[in-house]
Amino acid sequence: MTSGDLWRMSDECGEYALSPLPWYPGNLAWHLNLSRKQLRKNPALESFHEFLKHESEVGNVTRQEAVSMVPPLFLNVQAGHHILDMCAAPGSKTFQLLEMIHQSKEPGLLPTALVIANDLKVQRCDVLIHNTKRMCTANLIVTNHEAQSFPSCSLAKDDSEAYKDHCKPQRLEFDRVLCDVPCSGDGTLRKSHDLWRKWSSSMGNEFHLLQVNIAMRGIALLKVGGRMVYSTCSMNPVENEAVVAELLRRSGSSVELLDVSTELRELVRRPGLGTWKVS
Ligand SMILES: C[S@@+](CC[C@H](N)C(=O)[O-])C[C@H]1O[C@@H](n2cnc3c(N)ncnc32)[C@H](O)[C@@H]1O
């Protein structure tokens, strides 16, 4: 697609049909100000639509909600990291993590990092595998466990080290944990119309304990000095601030809340709530 095509598209659809997300590093994420219907039905957009479909199939482009791209960015993934994505399906954030570990390698070398992507539901693990195989990576393991009781894993050392150490496997501790938990999803009401019928004010309460248990397991699997990001697609403080407060209460001085105000400065944000009502 040429820049001329893009300008023609912008003329058709308003000035900002396509614009970079200012907070995403390296101009790697773009906002497309067009509905699915506009993309499919407008003949002027046909070649752009074909381009998007093709690039998505081969793994060069992922179509994803902007807000869902935020949590992996705050993990600050580095080359060689061991990363656990506890509730990973359908895999949009896993894909982003894989992109990060493949970007951070030296040209010509395969990354040494590892992503373990887990989900409770086996059918959703299938979708995750389908969605991530576009990456053609050797650095992903998909597991199917309850995240709140995710097992401890061991890592075989390379041959020479294993020989010296009498083949003792090493306990795998994670540098990074993404804890994108199941939730009421009330932050997606705009697009999830079936939720309008199902939603009740107590839904958040029903998820709270599971969310705490999953995140506590994530903390237990984390290396000293590691980083965990907790996220939901809900606006309910019982599923967000109240979970984080409980994690801090239970973990005492072994866990601290990180101030990330200097990271992704362009991202518009506001402080978390300090008080909330439980219905
Ligand atoms: C918010 S979605 C995750 C979205 C995913 N991180 C992404 O970006 O594509 C929550 C996921 O948690 C899974 N799940 C629900 N209960 C779980 C549990 N106890 N342990 C692990 N996964 C669970 C669901 O199957 C669902 O796929």
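Residues numbered from 1 in each chain as written. Predicted model: local features only at pLDDT ≥ 70, side-chain atom pairs only at ≥ 80, totals over all residues.

As annotated in an unreviewed UniProt entry, the chain is SAM-dependent MTase RsmB/NOP-type domain-containing protein from Aegilops tauschii subsp. strangulata. If you open the UniProt record of the chain and go to Subcellular location (unreviewed entry), you find "Nucleus". (UniProt positions renumbered as here; feature names shortened; annotations may be inferred.)

Caption draft 1: Local environment of the sheet that holds strand β9 (residues 222–231). A sheet is described by the order of its strands in space; here five strands give the open sequence β5-β4-β3-β8-β9, paired in parallel fashion. With partners counted over all chains shown, the strands left at the sheet margins are β5 (140–143) and β9, one partner each. Each strand of the sheet is rotated relative to its neighbour by a mean of 15°, with strand direction disregarded. Judged from the three bridges that link them, strand β3 (residues 82–85) and strand β8 (residues 174–180) form a sheet pairing that is parallel. Its bridge partner lying in β8, Asp85 is registered against Leu178. Lying over the sheet, helix α9 (residues 203–220) contacts β8 and β9, oriented at roughly 155° with respect to β9. (Pairing = 2+ DSSP bridges. Helix = DSSP H or I, 4+ residues; strand = E, 2+ residues; numbered from the N terminus. Axes fitted to C-alpha atoms, helices over the stretch in contact; angles between N-to-C directions. Contact = placed C-beta atoms within 7 Å.)

Caption draft 2: Region of the structure containing the domain arrangement of the chain. Segmentation of the chain into domains returns domain 1 (3–63) and domain 2 (67–254). Of the residues lining the interface, five residues belong to domain 1; the matching set on domain 2 comes to five residues. Its residues assigned to classes, the side of domain 1 that touches domain 2 shows three nonpolar, two polar and no charged. (Domains from an automatic or database assignment. Nonpolar A, V, L, I, M, F, W, Y, C, P; charged D, E, K, R; others polar.)

Caption draft 3: Structural detail: the UniProt feature "binding site: S-adenosyl-L-methionine" (unreviewed entry) in the chain. Residues annotated by UniProt as "binding site: S-adenosyl-L-methionine" (unreviewed entry) correspond here to Cys87, Ala88, Ala89, Pro90, Gly91, Ser92, Lys93, Asp119 and Asp180. In sequence the annotated residues extend across 94 residues, while in space they remain close, none of their C-alpha pairs exceeding 12.9 Å. Tracing the chain through its elements places Cys87 in the loop between β3 and α5 (92–103). With 22 C-beta atoms counted inside 10 Å, the residue Cys87 sits in the buried group. Within the fold, Asp180 resides in strand β8. Taking the number of C-beta atoms within 10 Å as the measure of exposure, Asp180 has 23 and is therefore buried. (Buried ≥ 20, exposed ≤ 12 C-beta atoms within 10 Å, placed from the backbone.)

Caption draft 4: Inspection of the nonpolar core at higher detail. Within the largest apolar cluster, 37 residues are counted, with the highest numbers of intra-cluster contacts made by Met86, Val115, Val177, Cys179 and Ala215. The contacts of Val115, once residues within four sequence positions are left out, are Ile83, Asp85, Thr94, Leu97, Leu98, Ile101, Asn139 and Leu140. (Core = buried A, V, L, I, M, F, W, Y, C linked by C-beta atoms within 7 Å.)

Caption draft 5: Structural context of the UniProt feature "active site" (unreviewed entry) in the chain. In the numbering used here, UniProt assigns the "active site" (unreviewed entry) feature to Cys233. By the secondary structure assignment, Cys233 is in the loop between β9 and α10 (241–251). Beyond its immediate chain neighbours, meaning those up to four positions away, Cys233 contacts Cys183, Gly185, Gly187 and Thr188.

Caption draft 6: Representation of the environment of His145 in the model. Mapped onto the elements of the fold, His145 is located in the loop between β5 and β6 (153–155). Taking the C-alpha atoms as reference, His145 lies 19 Å from Thr232; in sequence the two are 87 residues apart. With sequence-adjacent residues up to four places away left out, His145 is seen in contact with Asn118, Phe150 and Pro151.

Caption draft 7: Structural view of α5. Between its first and last C-alpha atoms α5 spans 17 Å; for 12 residues at 1.5 Å apiece the expected length is 16 Å, and the two agree. Taken together, the buried positions of α5 are occupied by Lys93, Thr94, Phe95, Gln96, Leu97, Leu98, Met100 and Ile101. Contacts from the buried residues of α5 go to α4 (70–73), β3, β4 (114–118), α6 (122–132), β5 and β8. (Expected span 1.5 Å × (residues − 1).)

Caption draft 8: Representation of the packing of α9 against α10 within the structure. The geometry of α9 relative to α10 is characterised by a closest axis approach of 10 Å and an angle of 50° between their N-to-C directions. Judged by the inter-axis angle, α9 sits oblique to α10. The interaxial crossing formed by α9 with α10 has right-handed handedness. Contact with α9, carried on its side by His208, Gln211, Val212, Ala215, Met216 and Ile219, involves Ala242, Val243, Glu246, Leu247, Arg250 and Ser251 of α10 and no other residues of that element. Residue composition of the contact of α9 with α10, grouped by class: seven nonpolar, three polar and two charged. (Parallel < 35°, antiparallel > 145°, perpendicular 65-115°, else oblique. Left-handed = near helix turned anticlockwise from the far one by under 90°.)

Caption draft 9: Broad picture of the pairing of β5. Where β4 and β5 come together, four bridges link them in parallel fashion. Within the sheet, the bridge partner assigned to Ala117 lies in β5 and is Val142. Each parallel crossover has a hand, and the one from β4 via α6 to β5 is right-handed. (Right-handed = clockwise from strand over helix to strand, strands pointing away.)

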